[in-house]
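# Per-entry structural report
One-letter residues, chain by chain:
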Amino acid sequence: QVNVVESGGGLVQAGGHLRLSCAPSGRTFVSYAWGWFCQAPGNGREFVAAIARREDTTYYGDSVKGRFTISKDNAKSTIYLQMNDLKHEDTAVYYCAGEVNPIKKEYGYWGQGTQVTVTS
């Protein structure tokens, strides 16, 4: 089993910053990568960023390139999402998940999410 807990969300003004943390536990080695997704009210989940588990290869959604940075600390078994220059449009629940199928780009092991609210 894999358990995922996200933290670090909160209320911030536009132009501010937040650092989200993702703490997987259990059989985390089954994941090929770890990713962040967001879901705003009325919308589906959208891809934000991902980082390979064994490697340091990173991927970003177009809307966050240059503003967000995904990183990991293998010793602490933690994945981070540094969010800079936040915009009102970034307001959403942010989820952390593990990639279970790299060919189909399918994710599982979803956390409960952490709320990010950006005031304009």
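Scroll up a little and you will see the structure.
To start, this report covers the structure provided alongside it. (Residues numbered from 1 in each chain as written. Predicted model: local features only at pLDDT ≥ 70, side-chain atom pairs only at ≥ 80, totals over all residues. Heavy atoms only, no water.)

## Considering the overall build of the chain
Broken down by element type, the chain carries zero helices and 11 strands. Tracing the chain from N to C terminus, the helices and strands come up as β-β-β-β-β-β-β-β-β-β-β. Taking 14 Å as the expected radius of gyration for a compact globule of 120 residues, we find that the chain reaches 13 Å, a close match to that expectation. Dimensions of the chain, computed from the C-alpha atoms along their principal axes, are close to 40 × 30 × 25 Å. Expressed as a percentage of the 120 residues in the chain, the buried residues total 42%. Taking the intrachain contacts of the chain between residues at least 6 apart in sequence as the baseline, contacts between residues at least 24 apart amount to 51%. A total of about 6800 Å² of accessible surface is found on the chain, and carbon and sulfur atoms cover 47% of it. With 12 positive and 11 negative side-chain charges, the chain shows a spacing of 6 Å between the two charge centroids. (Helix = DSSP H or I, 4+ residues; strand = E, 2+ residues; numbered from the N terminus. Rg over C-alpha atoms; globule rule 2.2 N^0.38 Å. Buried < 20%, exposed > 50% of the residue type's maximum accessible area, 1.4 Å probe, protein only. Contact = heavy atoms within 4.5 Å. Areas by Shrake-Rupley, 256 points an atom, 1.4 Å probe, with all protein chains shown as cover. Lys, Arg positive; Asp, Glu negative; His and termini not counted. Charge placed at Lys NZ, Arg CZ, Asp CG, Glu CD.)

## Examining the environment of Asn-101
Here Asn-101 is to be found in strand β9 (residues 92-101). Sequence-distant contacts of Asn-101, that is, excluding residues within four places in its chain, are made with Tyr-32 and Glu-106. Looking at Asn-101, its side chain comes within polar contact range of the main-chain nitrogen of Ile-103, at 3.0 Å. (Polar contact = N/O pair within 3.5 Å; in protein donor to acceptor, adjacent residues only side chain to side chain.)

## Quick look at the sheet that holds strand β3 (residues 18-26)
In sheet architecture, strand pairing relies on hydrogen bonds along the backbone and comes in two forms, parallel and antiparallel. Taken in spatial order, the four strands make up an open sheet running β1-β3-β8-β7, and their pairing is antiparallel. Looking along the sheet, the strands with just one partner apiece sit at the ends: β1 (2-7) and β7 (68-73). Each neighbouring strand pair of the sheet contributes to a mean axis angle of 15°, computed without reference to strand direction. Both β3 and strand β8 (residues 78-83) contribute to a ladder of five bridges, which runs antiparallel. Considered in β8, the bridge of Leu-20 is made with Leu-81. (Pairing = 2+ DSSP bridges. Axes fitted to C-alpha atoms, helices over the stretch in contact; angles between N-to-C directions.)

## Structural notes on the packing of aromatic side chains
Taken as a whole, this structure holds four aromatic pairs when the rule is applied. Ring geometry for Tyr-95 versus Trp-110: centroids 6.5 Å apart, planes at 85°, classification edge-to-face. Pair noted here: Tyr-95 is in strand β9 and Trp-110 is in the loop between β10 (106-108) and β11 (114-119), with a separation of 15 residues, a long-range link. On the basis of relative accessible area, Trp-110 is assigned to the partly exposed category, the value being 32%. One cation-aromatic arrangement involves Arg-45 over Tyr-95; the distance from NZ or CZ to the ring centre is 3.9 Å. (Phe/Tyr/Trp six-rings, centres within 6.5 Å; stacked < 30°, edge-to-face > 60°. Lys NZ or Arg CZ within 6 Å of the ring centre and 35° of its normal.)

## A look at the state of the cysteines
Overall, the coordinates contain one disulfide when judged by the stated rule. There is a disulfide in this structure between Cys-22 and Cys-96, and the S-S distance comes to 2.0 Å. Negative torsions about the S-S bond denote left-handed disulfides, and the value of about -75° found for Cys-22 with Cys-96 makes this one left-handed. Of the two residues, Cys-22 sits in strand β3 while Cys-96 sits in strand β9, which places them 74 residues apart along the sequence. No difference in accessibility class separates Cys-22 from Cys-96, as the two residues are buried. With no disulfide of its own, Cys-38 lies 13 Å from the sulfur of Cys-96, the closest cysteine sulfur. Exposure remark for Cys-38: the relative accessible area of 12% places this residue in the buried category. (Disulfide = S-S within 2.5 Å.)

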